[in-house]
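Understanding the architecture of this molecule
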Amino acid sequence: MSKKQIEDCVRASLEGYFRDLRGTEPDGMYEMLLKVVEKPLLEVVMAKAENNQSRAAEWLGLNRNTLRKKLIEHKLLK
């Protein structure tokens, strides 16, 4: 899947989100979107990296301690 395809999926999901609101104004969208994207991103990357935090952090362009903090926030550490 290309970067553009991912952007198109996000765009379509956001359009659906606004449709579902039926005119109600959203609140805290930025934080909500980061949370709903970050958790599956971390889950998939950790699985592909065979739970190797150093490798996953490198792939994500994060410091290993930052990755660990995010894994704890999302309750993804075993």
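The preceding data block contains the structure.
These remarks concern the structure in this document. Treat the numbers as computed from the prediction; the structure is a model and nothing was measured.

1. A word on the overall build of the chain
Across its full length, the chain holds four helices and zero strands. The secondary structure elements of the chain, listed N-terminal to C-terminal, are α-α-α-α. A globule of 78 residues ought to have a C-alpha radius of gyration of about 12 Å, yet the chain, at 15 Å, is considerably larger. Seen through its C-alpha atoms, the chain measures out along the principal axes to roughly 45 × 25 × 20 Å.

2. Focus: the side chain of Glu38
Residue position: Glu38 is located in helix 2 (residues 29-48). The class of Glu38 is buried, set by a relative accessible area of 17%. Separated by 2.7 Å, the side chains of Glu38 and His74 make a polar contact.

3. Here's the deal with unusual backbone geometry
With the exception of glycine, the majority of residues adopt a negative phi angle, and the majority of peptide bonds are in the trans configuration. Residues other than glycine seldom take positive phi values, yet Arg22 does so here, at roughly 50 degrees. The topology assignment puts Arg22 in the loop between helix 1 (3-21) and helix 2. Non-glycine residue Lys75 carries a positive phi angle of around 55 degrees. Along the chain, Lys75 falls in the segment after helix 4 (64-73). Among the residues examined, Lys75 registers a relative accessible area of 73% and is labelled exposed.

Calculation notes
Residues numbered from 1 in each chain as written. Predicted model: local features only at pLDDT ≥ 70, side-chain atom pairs only at ≥ 80, totals over all residues. Heavy atoms only, no water. Helix = DSSP H or I, 4+ residues; strand = E, 2+ residues; numbered from the N terminus. Rg over C-alpha atoms; globule rule 2.2 N^0.38 Å. Buried < 20%, exposed > 50% of the residue type's maximum accessible area, 1.4 Å probe, protein only. Polar contact = N/O pair within 3.5 Å; in protein donor to acceptor, adjacent residues only side chain to side chain.

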